[in-house]
Amino acid sequence: MNKEIATTLFESLASGVRLDVFRLLVKHAPTGLVAGEIATELALPPTNLSFHLKAMTHAGLVNVTQEGRYQRYRANLTVMQALIDYLTAECCTGQPELCLDAGGASACCDSD
């Protein structure tokens, strides 16, 4: 992953609605949800949801498959993991394994 792709992904998640949708889809991975289920769960109007899902799909955060009259949306967990890896690649002077350890994270990231 590069900076340009990471920036696009963050821009896609820079909306509270989109962040809620993505987290809901992650919760329902790997099966995902159809648009109506997402709208109901988050109490969103379908037209509003459609706009956000299109942006997230375009960014690559969400995959969509047609199921008859419905579209099923799934969080792209591979992209999510790549973004996490990109963010943590330089953690603790390039030793992310230290940061992911609870003890190491506090030791390397203390600002005292």
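Residues numbered from 1 in each chain as written. Predicted model: local features only at pLDDT ≥ 70, side-chain atom pairs only at ≥ 80, totals over all residues. Heavy atoms only, no water.

Turning next to the overall build of the protein chain. When helices and strands are counted, the protein chain shows eight helices and three strands. Counted from the first residue to the last, the protein chain has its helices and strands arranged as α-α-β-α-α-β-β-α-α-α-α. Contacts in the protein chain between residues at least 24 apart in sequence constitute 53% of all its contacts with a sequence separation of at least 6. Just so you have it, the protein chain exposes about 7,200 Å², and 56% of that area is on carbon and sulfur atoms. (Helix = DSSP H or I, 4+ residues; strand = E, 2+ residues; numbered from the N terminus. Contact = heavy atoms within 4.5 Å. Areas by Shrake-Rupley, 256 points an atom, 1.4 Å probe, with all protein chains shown as cover.)

This part takes up the pairing of strand β3 (residues 70-75). In the sheet, strand β1 (residues 33-34) pairs with β3 via two bridges, with the strands oriented antiparallel. Looking at β3, one finds that Leu33 is bridged to Tyr73. Summarising the sheet, strand β2 (residues 62-67) and β3 pair through six bridges and their orientation is antiparallel. In the sheet register, Val64 faces β3, and the bridge partner there is Tyr73. The antiparallel pairing of β2 with β3 creates a hairpin that spans two residues between the two strands, and Gly68 there sits at a positive phi of about 65 degrees. (Pairing = 2+ DSSP bridges.)

Attention now moves to the packing of helix α2 (residues 16-27) against helix α3 (residues 35-42). For the pair α2 and α3, interaxial distance at closest approach is 11 Å and the crossing angle is 115 degrees. Between α2 and α3 lies a crossing of right-handed hand. Of the residues in α3, those touching α2 at Asp20, Val21, Leu24 and Leu25 are Ile38, Glu41 and Leu42. Within the contact of α2 with α3, the residues separate by chemical class into five nonpolar, no polar and two charged. (Axes fitted to C-alpha atoms, helices over the stretch in contact; angles between N-to-C directions. Left-handed = near helix turned anticlockwise from the far one by under 90°. Nonpolar A, V, L, I, M, F, W, Y, C, P; charged D, E, K, R; others polar.)

Turning our attention to the confidence of the model for the protein chain. Residue-level pLDDT values for the protein chain average 88, and 88% of them are 70 or greater. Within the protein chain, no element has a lower average pLDDT than helix α8 (residues 102-109), which sits at 49, and none a higher one than β1, at 98. (pLDDT = per-residue confidence, 0-100.)

For the rest of this paragraph, the subject is the side chain of Arg72. Position of Arg72 relative to the elements: it lies in strand β3. A distance of 3.4 Å separates a polar atom in the side chain of Arg72 from the backbone oxygen of Thr31. A distance of 2.8 Å separates a polar atom in the side chain of Arg72 from a polar atom in the side chain of Glu67. (Polar contact = N/O pair within 3.5 Å; in protein donor to acceptor, adjacent residues only side chain to side chain.)

Pairing is antiparallel in the open sheet, where three strands are placed in the order β1-β3-β2. The sheet is open, and its two edges are formed by β1 and β2, each paired on a single side.

Val21, Phe22, Leu25, Ile38, Leu49, Leu61 and Val62 are the most contacted members of the largest nonpolar core, which has 21 residues in total. Discounting chain neighbours no more than four positions away, the residues touching Leu25 are Leu33, Ile38, Val62, Tyr73, Arg74 and Ala75. (Core = buried A, V, L, I, M, F, W, Y, C linked by side-chain atoms within 4.5 Å. Buried < 20%, exposed > 50% of the residue type's maximum accessible area, 1.4 Å probe, protein only.)

A full pass over the atoms with the stated rule returns one salt bridge. Here Arg72 and Glu67 are joined by a salt bridge, their closest N and O atoms 2.8 Å apart. (Salt bridge = Lys/Arg side-chain N within 4 Å of Asp/Glu carboxyl O.)

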